[in-house]
Amino acid sequence: MSKLQKSGNQQENGLSRRKFLGNSSAVIVSTVAASSLPFGSILTNAQELPTLHIVNFTNWSEGISVPGMLAAEVTSAEEIVTLANWASVAGRTLRPFGHKHGWSPLVITKDTKPDDNVVLVDTSKLDGMTIEESHSDYGTVRVGTGATVEDLYLFLEDLGWAFQNTPAPGQLSVGGVLAIDAHGTGVPYDGSTESPHLAGSMSNLVLSFEAVVWDEDKEAYAVTSFSRNHPDADALLAHLGRTIITEVVLQVVPNYFLRCVSRTDIKWRDVFDANRNNSPFCVSNLLDKYGRVEVIWYPYTKKPWLKYWENTPEPPEGSRVVYHPYNYPFSDSLPQEISDYIKKILEGHTELVPLFSEAFYLFTVRGLKGLVPPYDQSYDIWSSAWNLLVYIKDSTLRVTANGYVVHVPRRKVGTVVRRFAKKYNSLLNSYREDDKYPMSGPVEVRVTGLEDVTDLHVDGNLKPPSISALTKSTNASGRVDTAVWFDILTFPGQPDSNEFYQEIEQWFLDNYDVESVRCEWSKGWAYTDEGAWTNEDYLHNTIPQAFAHTPRSWDSTKEVLNKYDPKGIYTNPFLLNLFDQTAKVELL
């Protein structure tokens, strides 16, 4: 059981349901369903399909926004089976969605139209949870993929369990997290008693799962169970929306407690120093001492927001005990001055970006010190692990982001972050000389381990998720064991941002072997002047090359995904292009 007594507000942070916006003039209302739904529902035919609704779909950055989409709210895997078999003969595609906290067009593309043959599948009611096994050093939890990870963390904490690392946002669906190999920050450190092998993505923690896939014997879509040792299981993890997984069993660890310390008084050159002897607060030293580190660096500022987490069972002197996640509320409640800067920048006054960044940095400093009423200090806090690892709310500033990860030996982390910081700073200054300010958001740097199946409690031949960004190439040196994540944020549509992103993307490819650089699936990548996800050479050459020598290659992964979806119902135009499905899938 947790050492922390829950506050009333925390108990109320339950699963937030979708608000369905109906168009009564365009649908036939089912009087049976309408009695319990605020905007009515429609029936498409005599089949017992799940209730269909009209919804407005908008993703996190608001770069993809399509009103009037047809959606089904499912309550069981069997309802998805019905939908899948109907879609396979009705010329429909199914696109599962959770909380839409993503940037890339993995659910739908920005060109999707309401009258396209697309049905969104809202899985939020697939939210059951139960502990399957409890041992002294590990446990297992069965959870529906529609549950939010925040609800899952809270459920686990109440029963004495946790994950070793988690993504920072809490309002994500379990299914969404697993579809894109979501990650946190954390690697082995001096004196650690944590598993050195569970520092990769959450997708790697799956021990078994159920998915609605094509069953050759039944010649139909059906619920199929996969243990992690199934020969095809690795290809269905981190699947990018190419299937629908309804339920998973995940491995968890005994609950633990963290202290999170924030520093804003250390220059970026010291934080990113490659020489450990020069700065005790360089990334490499902090990783050795604590294992969990994050750097948030606002453009044109001299000192980043540096965070590190210490695993400690009791609150150290001076730490404030907190009882909930989202402990940086000042970042969600911007003052008028910063809001005014944002408005003017979006109106075209990009020359204000340096002032905006400096104001944001100073506001962060004040917020951490508790100088932003009514909030207490949050530069030194202690709590159950998930309360301190989850800190991004849906109300946080909406920005777009690119995302890359570099695989390196642990001893070279300092060199990697130093080289990147120098390149990023040089590019900012070069653009500034031309009166261009493409980056209005911070750089975020985190560090994780690679996918490792050593400590997973499943017998047999296990493989890491085949196209996880954290799955190591077999060509890589045995010393390669660490992943450094780089995200660069800016306002959507910021002038010159596509040019900047192209340069930084090419810099990664020019400076590291293609099999050592991976894109972060949920973020921006494959840039041209037209924006992210438009570079055909990156899509069809760079990505396959990156996974050419993983335990299962890109081409082999495609074959498995197509095997379990031969009718092509789990796809969209972007995924058709990315996976080159036209020659492989029996499309309608």
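Just above, that's the structure.
Reading the values: rules and limits
- Residues numbered from 1 in each chain as written.
- Predicted model: local features only at pLDDT ≥ 70, side-chain atom pairs only at ≥ 80, totals over all residues.
- Heavy atoms only, no water.
- Pairing = 2+ DSSP bridges.
- Helix = DSSP H or I, 4+ residues; strand = E, 2+ residues; numbered from the N terminus.
- Axes fitted to C-alpha atoms, helices over the stretch in contact; angles between N-to-C directions.
- Salt bridge = Lys/Arg side-chain N within 4 Å of Asp/Glu carboxyl O.
- Buried < 20%, exposed > 50% of the residue type's maximum accessible area, 1.4 Å probe, protein only.
- Parallel < 35°, antiparallel > 145°, perpendicular 65-115°, else oblique.
- Left-handed = near helix turned anticlockwise from the far one by under 90°.
- Contact = heavy atoms within 4.5 Å.
- Nonpolar A, V, L, I, M, F, W, Y, C, P; charged D, E, K, R; others polar.
- Polar contact = N/O pair within 3.5 Å; in protein donor to acceptor, adjacent residues only side chain to side chain.
- Expected span 1.5 Å × (residues − 1).
- 1 Å grid on protein atoms, 1.4 Å probe; cavity = no way out; pocket = protein on both sides within 12 Å on 5 of 7 lines; lining within 4 Å.
- Points joined across faces, edges and corners; volume = space filled by probe spheres on them.

Right, let's talk about the sheet that holds strand S1 (residues 52-58) for a bit. In space, the four strands of this open sheet follow the order S1-S2-S4-S3, with mixed pairing throughout. Strands with a single pairing partner mark the edges of an open sheet, and in this sheet they are S1 and strand S3 (93-97). Ignoring strand direction, the axes of neighbouring strands in this sheet form an average angle of 45°. Pairing between S1 and strand S2 (residues 65-73): six bridges, direction antiparallel.

What follows is about the pattern of salt bridges. Applying the stated criterion across every chain, the model contains 19 salt bridges. We note a salt bridge from lysine 125 to glutamate 73, for which the minimum N-O separation is 3.2 Å. Highlighted residues: lysine 125 in the loop between strand S4 (118-122) and strand S5 (129-134) and glutamate 73 in strand S2, separated in sequence by 52 residues. A relative accessible area of 36% places lysine 125 in the partly exposed class. The salt bridge partner of glutamate 294 is arginine 446, with a shortest N-O separation of 3.9 Å. With glutamate 294 in strand S12 (residues 292-297) and arginine 446 in strand S17 (residues 443-449), the pair connects residues that are 152 residues apart, well separated along the chain. Here the two residues glutamate 294 and arginine 446 agree in accessibility, since each one is buried. A single salt-bridge network, built from bridges that share partners, covers Glu132, Arg142 and Glu247.

Another point: the packing of helix H8 (residues 283-290) against helix H12 (residues 413-433). Relative to each other, H8 and H12 sit at 140°, their axes nearing to 8 Å. Taken together, the axes of H8 and H12 lie oblique to each other. Considering the relative orientation of H8 and H12, their crossing is right-handed. On H12, the residues touching Val283, Ser284 and Leu287 of H8 are Val413, Gly414 and Val417. For the contact of H8 with H12, the residue count by class is four nonpolar, two polar and no charged.

Here we come to the environment of alanine 147. By the element assignment, alanine 147 lies in the loop between strand S6 (139-144) and helix H4 (149-158). Distance from alanine 147 to serine 173, taken between C-alpha atoms, is 5.5 Å for residues 26 residues apart in sequence.

The next thing to look at is the side chain of glutamine 251. Inspection of the secondary structure assignment puts glutamine 251 in strand S10 (residues 244-254). A polar contact of 2.9 Å, which involves the side chain of glutamine 251, links it to the backbone nitrogen of histidine 457. Apart from the residues within four sequence positions on either side, glutamine 251 is in contact with Tyr138, Gly139, Phe163, Leu198, Leu205, Leu207, Asp455, Leu456 and His457.

For the rest of this paragraph, the subject is the environment of leucine 94. Residue placement: leucine 94 occurs in strand S3. We classify leucine 94 as buried; its relative accessible area is 0%. For leucine 94 and serine 556, which are 462 residues apart along the polypeptide, the C-alpha to C-alpha distance reads 23 Å. Ignoring anything within four residues of it in the chain, the contact list for leucine 94 reads Leu83, Ala84, Ala87, Val119, Val121, Ile569, Tyr570 and Thr571.

With 21 residues, H12 extends 31 Å between its outermost C-alpha atoms, agreeing within 8% with the 30 Å of an ideal straight helix rising 1.5 Å per residue. Listing the buried residues of H12 in full gives Val413, Gly414, Val416, Val417, Phe420, Ala421, Tyr424, Asn425, Leu427, Leu428 and Tyr431.

Next up on the list: the layout of surface pockets. In this approach, a probe sized like a water molecule rolls over the atoms, and the result shows the empty space that is left. Looking at the largest pocket, its volume works out to about 640 Å³. If you go around the largest pocket, you meet 30 residues; those closest to its centre are Lys110, Glu530, Gly531, Ala532 and Trp533. Sorting the residues of the lining of the largest pocket by element identifies strand S16 (400-409), helix H13 (497-511) and helix H16 (573-578) as the ones contributing at least two each. Among the residues forming the lining of the largest pocket, the class breakdown is 12 nonpolar, 14 polar and four charged.

The next thing to look at is the environment of glycine 139. Inspection of the secondary structure assignment puts glycine 139 in strand S6. With 138 residues separating them in the primary sequence, glycine 139 and asparagine 277 have C-alpha atoms 40 Å apart. Ignoring anything within four residues of it in the chain, the contact list for glycine 139 reads Glu133, Ser134, Trp161, Leu250, Gln251 and Val252.

Glancing now at the pairing of S5. The sheet contact formed by S5 and S6 spans five bridges and is antiparallel. Paired with threonine 130 across the two strands is arginine 142, which belongs to S6. Linking two consecutive strands that pair antiparallel, namely S5 and S6, is a turn of four residues.

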